[in-house]
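For reference, the chains in residue letters:
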Amino acid sequence: MIDITTENFEQEVIAASMSQPVLVDFWAPWCGPCKAIGPILEKLEGEYGGGFKLAKINSDEEQQLAGAFGIRSIPTIVLMKNGQPVDGFMGALPEGKVREFLDKHVQALAQEPEEEEFAAEPEAEDPAARLEKLQHAVATDPANDDARFDYVKALLLAGREADARRAFEPVAAKAAAIRKVDALARWLDALGFAAGKPSPAGLDARIAANKRDFQARFDRARLLMAQQQWTAAMDELLEILMRDKAWSEDLARKTYIAILEIIEPPKPKVAEGQIPPDDPVVATYRRRLSSVVLS
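Residues numbered from 1 in each chain as written. Predicted model: local features only at pLDDT ≥ 70, side-chain atom pairs only at ≥ 80, totals over all residues. Heavy atoms only, no water.

**Topic: the state of the cysteines**
Point 1. Per the stated rule, a full pass over the model turns up one disulfide.
Point 2. What pairs with Cys31 in a disulfide is Cys34, and their sulfur atoms sit 2.4 Å apart. Here the S-S torsion is close to 85°, and the disulfide linking Cys31 with Cys34 is therefore right-handed.
Point 3. The class of Cys34 is buried, set by a relative accessible area of 6%. (Disulfide = S-S within 2.5 Å. Buried < 20%, exposed > 50% of the residue type's maximum accessible area, 1.4 Å probe, protein only.)

**A short note on the confidence of the model for the protein**
Point 1. Chain-level pLDDT for the protein is 87 on average; 89% of the residues reach the 70-or-more range.
Point 2. Contacts from residues 110-123, a stretch scored under 50 in pLDDT, to residues over four places away or in other chains number 14 contacts. (pLDDT = per-residue confidence, 0-100. Contact = heavy atoms within 4.5 Å.)

**Considering the packing of helix H6 (residues 127-140) against helix H7 (residues 145-157)**
Point 1. Running from amino to carboxyl end, H6 crosses H7 at an angle of 140°, the nearest separation of the two axes being 9 Å. As H6 packs across H7, the resulting crossing turns out to be left-handed. On H7, the residues that touch Arg130, Leu131, Leu134, Gln135, Ala137 and Val138 of H6 are Ala147, Arg148, Asp150, Tyr151, Ala154 and Leu155.
Point 2. Among the residues forming the contact of H6 with H7, the class breakdown is eight nonpolar, one polar and three charged. (Axes fitted to C-alpha atoms, helices over the stretch in contact; angles between N-to-C directions. Helix = DSSP H or I, 4+ residues; strand = E, 2+ residues; numbered from the N terminus. Left-handed = near helix turned anticlockwise from the far one by under 90°. Nonpolar A, V, L, I, M, F, W, Y, C, P; charged D, E, K, R; others polar.)

Structure, rendered in structure tokens:
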């Protein structure tokens, strides 16, 4: 559980929700129902074993944040995923009802140490040796989606698209449910689009003639993704989001988040209780996304 202010909201709620659901509890010291549900939320945060993060906002002291969320009564509970509120409820629900709410969005975690150990592979390792290790990891445990994500990503970075598509096929159906798989699907889609050899000059001309030609902007972003020009692709997607956040069923934001997933490096190991440093590029583009989405 962490107390949220305007100073740490960006990092502890928006950025954190990109990798883990964040449950935001708007409360106040004088609120009786808040005192009832607060301990329930704290208890469940522990029981779900890192499945979600609890963030508490004192709505009396942080009126700007309460206003941004349109809070009209407390307690109000908001669930954040990928930088966006996706669900919520008002009032002090009993523990069983809160569990039902969480179970729609949150999966309790039980194997974090193994996942963290795998994610800490040294980046300086020889690429060929790393690919061999990842291939072995996938062959040994085909259900390990994290290992498969790293393997497909490594193949794509090495320019082995055909091999990457074959390795991706067993998890393709999971794209709607697993963010890492979705990120790979969008990268492969961009490569498929680029293989059709669309005209970059033609797209630029369409954008110059109409800045709200969002399809042209999105196609240009896909070309940039295919070329692994990640920040340029996100800049193009931001141009769409600044003009129409919900264009084409939220396609620009979903693709932007996919790129963040692709480019984020493994977290380095740190001493217990310390927070690993953010990659500066990823942190910057997360802030830019949240500033547009919350504007």
